[in-house]
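Coordinates in review
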Protein chains: 2
Amino acid sequence: MASDQLSSTLFALADPTRRGILARLATGDATVQELAEPYEMSLAAVSKHLKVLETAGLISSGREAQWRPRHLEAGPLRDVFEWLESYQRFWNRSLDSLAEHLKVMQKQKRKSKDRAN
Amino acid sequence: MASDQLSSTLFALADPTRRGILARLATGDATVQELAEPYEMSLAAVSKHLKVLETAGLISSGREAQWRPRHLEAGPLRDVFEWLESYQRFWNRSLDSLAEHLKVMQKQKRKSKDRAN
C-alpha cells in the first residue's frame, strides 16, 4: 500500500542518526564501518539503523563487493517531497500575509515620519 | 534542537491516520468530533493522534471557541520540505539517466525499424 510505504519512509527519517547516515551517503557510497565512524555506538546499533533505512528503500547495498558499501536511494525521498508539495500553498500563504503585514507597517512608518517633518 | 524538531515532525507524519487528519484540516478547521468521523476508532484514540500532531506543532487549537476547532500549521511541513530540497539533485539525476536511457532505446527501435524497411 502506498500509504504504508510513505509511513515507513517517514518513520525511517524520524531519527537524527539515520538522517546523518543519509547525509553521509549523499557524499558517496560507504561501508558500515565508515558510516559508524562519527557515532559513539556499536556496529550492531548502526546496523539496526541501516536495516530500518533499507526496509524503507532509502539505501541499498552492493551484493558483490566484499564490504557491501551502502548506497543512497532517493526514490522514497522524492515521494515524501511530492506528498508535501500539496501543502506548499499553506506556507506560501503565510509568507504572503507576512509580506502584506510588512507593507502595512512600512506605510505606517512612512506616514509617522511625514508627520514628524 | 532543530534536529529534534524535525524528528518529532517526521514521526508525527509517519502514520496514515495522522496524515489523513492533516488532509482533512487542509480543507478547513475542524473539531475533534468532525476529525474522528471517517475513522472507526474511539474519540480517545483520535485525541491521542491529535496530541502527537500538536506536540510536533503541526496543528493548533482555538482557545476561545467552545469546540476548540483544530487548525493546520504548515511551518513544520515547510521545514521537512526544505530539508528534502538538499536531496533533490539525487532524484533529478535518476530522472536524467532515465531520460538518457529512453533516448537510447528510441534510437535502437528506430534503427531496427529502418533495417526492417
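Keep in mind the model is a prediction, meaning the values are calculated, not measured.

**Notes on the overall build of chain A**
Regarding its fold elements, chain A presents six helices and two strands. Along chain A, helices (α) and strands (β) appear in the sequence α-α-α-α-β-β-α-α when read from the amino end. When its C-alpha atoms are laid out on the principal axes, chain A stretches across 80 × 35 × 20 Å. Buried positions account for 34% of the 117 residues belonging to chain A. In chain A, of all internal contacts separated by at least 6 residues, the share reaching a separation of at least 24 is 49%.

**Comments concerning the nonpolar core**
Residues Tyr87 of chain A together with Tyr87 of chain B are the most contacted members of the largest nonpolar core, which totals 58 residues. Each residue touching Tyr87 of chain B, except ones within four places of it in the same chain, is listed here: Arg19, Leu22, Ala23, Ala26, Leu72 and Leu77 of chain A.

**Details of the pattern of salt bridges**
Residue and element names in this part refer to chain A. If you walk through the whole model with that rule in mind, you get two salt bridges over all chains. A salt bridge links Arg78 to Asp79, with the shortest nitrogen-to-oxygen separation between them at 3.8 Å. Among the residues examined, Asp79 registers a relative accessible area of 32% and is labelled partly exposed.

**Let's talk about the relation of the copies chain B and chain A**
Note: a rotation about an axis with an accompanying shift along it relates these two copies of the chain. The two copies are related by a screw operation: chain B maps onto chain A through 180° of rotation and 0.1 Å of translation along the axis, at an RMSD of 0.3 Å. Both copies are brought into coincidence by an operation consistent with a two-fold rotation axis.

**Regarding the side chain of Ser61 of chain A**
Residue and element names in this part refer to chain A. Within the fold, Ser61 resides in strand β1 (residues 59-61). Polar side-chain contacts of Ser61 include one of 3.3 Å to the side chain of Arg68. Sequence-distant contacts of Ser61, defined by excluding residues within four places in its chain, comprise Glu54, Arg68, Pro69 and Arg70.

**Here's the deal with the interface of chain B and chain A**
Facing the 27 residues of chain B at the interface are 28 residues of chain A. With both chains or domains summed, chain B and chain A bury close to 2600 Å², and 76% of this area falls on carbon and sulfur atoms. Its largest share of buried area at the contact with chain A, chain B owes to Arg19, Phe81 and Trp91 of chain B, together 25% of the area lost on that side. There are zero salt bridges connecting chain B and chain A. Inspection of the chain B/chain A interface yields four residue pairs in polar contact (both at pLDDT 80 or more). Listed by contribution, the elements that provide at least two residues to the side of chain B that touches chain A are α1 (2-13), α2 (16-25), α5 (75-85) and α6 (88-116) of chain B. In terms of residues, the side of chain B that touches chain A owes the most to one element, α5 of chain B, which gives seven residues.

**Thoughts on the environment of Glu73 of chain B**
Residue and element names in this part refer to chain B. You can see Glu73 is positioned in the loop between β2 (70-72) and α5. With 47 residues separating them in the primary sequence, Glu73 and Ala26 have C-alpha atoms 9.5 Å apart. For Glu73, the contacting residues outside a window of four places in its chain are Gly57, Leu58, Ile59 and Ser60. Only 2.7 Å separates the side chain of Glu73 from the side chain of Ser60, close enough to count as a polar contact.

**Thoughts on the packing of aromatic side chains**
Geometrically, a pair of aromatic rings is defined through the distance of the ring centres and the angle of the planes. The final tally for this structure, using the stated rule, is seven aromatic pairs over all chains. With centroids separated by 6.2 Å and ring planes inclined at 35°, the aromatic side chains of Tyr87 of chain A and Phe90 of chain A adopt a geometry described as tilted. Both residues of the pair, Tyr87 of chain A and Phe90 of chain A, belong to the buried class. Here a set of aromatic residues connected by ring pairs shows up, and it is made of Phe81 and Trp91 of chain A together with Phe81 and Trp91 of chain B. Arg19 of chain A extends its terminal NZ or CZ atom over the ring of Trp83 of chain B, reaching a point 6.0 Å from the ring centre.

**A closer look at the packing of α2 of chain B against helix α4 (residues 43-55) of chain B**
Any two packed helices are characterised by how steeply their axes cross, that is the angle between the axes, and by the distance between the axes. Residue and element names in this part refer to chain B. Orientation of α2 relative to α4, taken along the N-to-C sense of each, is 75°, at an axis distance of 10 Å. Classified by the interaxial angle, the pair formed by α2 and α4 is roughly perpendicular. Contact residues: Thr17, Arg18, Ile21 and Leu22 in α2; His49, Leu50, Val52 and Leu53 in α4.

Procedures and definitions
- Residues numbered from 1 in each chain as written.
- Chains lettered and ligands numbered in written order.
- Predicted model: local features only at pLDDT ≥ 70, side-chain atom pairs only at ≥ 80, totals over all residues.
- Heavy atoms only, no water.
- Helix = DSSP H or I, 4+ residues; strand = E, 2+ residues; numbered from the N terminus.
- Buried < 20%, exposed > 50% of the residue type's maximum accessible area, 1.4 Å probe, protein only.
- Contact = heavy atoms within 4.5 Å.
- Core = buried A, V, L, I, M, F, W, Y, C linked by side-chain atoms within 4.5 Å.
- Salt bridge = Lys/Arg side-chain N within 4 Å of Asp/Glu carboxyl O.
- Least-squares fit on C-alpha atoms with pLDDT ≥ 70 in both.
- Polar contact = N/O pair within 3.5 Å; in protein donor to acceptor, adjacent residues only side chain to side chain.
- Buried area = accessible area lost by both parts, 1.4 Å probe.
- Phe/Tyr/Trp six-rings, centres within 6.5 Å; stacked < 30°, edge-to-face > 60°.
- Lys NZ or Arg CZ within 6 Å of the ring centre and 35° of its normal.
- Axes fitted to C-alpha atoms, helices over the stretch in contact; angles between N-to-C directions.
- Parallel < 35°, antiparallel > 145°, perpendicular 65-115°, else oblique.

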